Amino acid sequence: MHAPRLTPEILLSAYAEGLFPMAERRDDPTLYWVSPQKRGIFPLDTFHVPKRLARTVRSDRFSVTADTAFAGVLLACAEPAPGREETWINDEIVRLYTALHLSGHAHSLECRREGRLAGGLYGVQLGGAFFGESMFSRETDASKVALVHLVARLKMGGFKLLDAQFLTAHLARFGAVEIPRKTYLAKLSTAIAAPAYWPASSGNSGMPSLAPALGETGLTGAAAVTDGAWPGALVLQRIAHTS
């Protein structure tokens, strides 16, 4: 079923019902709704960071920031890549998610090395649910490091659900699981109603963070989160599930 031309408001309503849009390919102007029978999610309390990746995160090889280059991340995710010659991110997706970002409902994480964008991811926030949309890497492990930082942010902000849309073998390595649509919709309803906030961004993401009002000053209570990149060691402390 093809969707009519969407507005950001309609898009958020669709997310609340368990739907998300996709295009067949980059140059196809139309979108269609997707609601998988089996949904991939990351249980945040059991997110798994492999030992080698934990060392990379701790080394701070990449400087990881939030909402400093949303457009750059989105367009990089739309580029062809080895094993992904076609992309589902078309101009309509770019238009809609840029608008969601400007309203504070879509966020990006950026991994940089020596100032260059090496990888990242973006997604949509609705209450205490975060819907991961896409990620990219120009250097080994860059998107994986962004994912680890994302989970730390979501746990700090009180999120209840990290939606991965589809389960893949790659995501399963981090603890992603597949659940039936009915179970997903119940989790989604609970998550959307939960009080949650996107921790203070490195850039301007639209709506301000609720962290100051809730008394959040840092990842562990001992070290403050500044407007710059988060240190990898503190990110791993927040997740506290490495092996």
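Residues numbered from 1 in each chain as written. Predicted model: local features only at pLDDT ≥ 70, side-chain atom pairs only at ≥ 80, totals over all residues. Heavy atoms only, no water.

1. A word on the packing of aromatic side chains
Here is step 1 of the chain: Enumeration according to the criterion identifies seven aromatic pairs in this entry.
Here is step 2 of the chain: A ring pair is formed by Phe47 and Phe174, whose centres lie 5.9 Å apart and whose planes are at 15°; its orientation type is stacked. Of this pair, Phe47 sits in the loop between strand S3 (38-42) and helix H2 (51-59) while Phe174 is found in the loop between helix H6 (169-172) and strand S9 (177-180), placing the two residues 127 residues apart along the sequence.
Here is step 3 of the chain: Both rings, one in Tyr97 and one in Tyr122, keep their centres 6.0 Å apart while their planes meet at 75°; by these two values the pair is edge-to-face. Of this pair, Tyr97 sits in helix H4 (residues 91-102) while Tyr122 sits in strand S6 (residues 116-126), placing them 25 residues apart in sequence. Each member of the pair Tyr97 and Tyr122 is classed as buried.
Here is step 4 of the chain: Joined through ring pairs, the aromatic side chains of Phe42, Phe47 and Phe174 make up one cluster. (Phe/Tyr/Trp six-rings, centres within 6.5 Å; stacked < 30°, edge-to-face > 60°. Helix = DSSP H or I, 4+ residues; strand = E, 2+ residues; numbered from the N terminus. Buried < 20%, exposed > 50% of the residue type's maximum accessible area, 1.4 Å probe, protein only.)

2. Thoughts on the environment of Leu74
Here is step 1 of the chain: By the secondary structure assignment, Leu74 is in helix H3 (residues 70-77).
Here is step 2 of the chain: With a relative accessible area of 0%, Leu74 lands in the buried category.
Here is step 3 of the chain: Sequence-wise, Leu74 and Phe136 are 62 residues apart; in three dimensions their C-alpha atoms are separated by 9.1 Å.
Here is step 4 of the chain: Residues contacting Leu74, with those up to four places away along its chain left out, are Ile89, Val94, Tyr97, Thr98 and Tyr122. (Contact = heavy atoms within 4.5 Å.)

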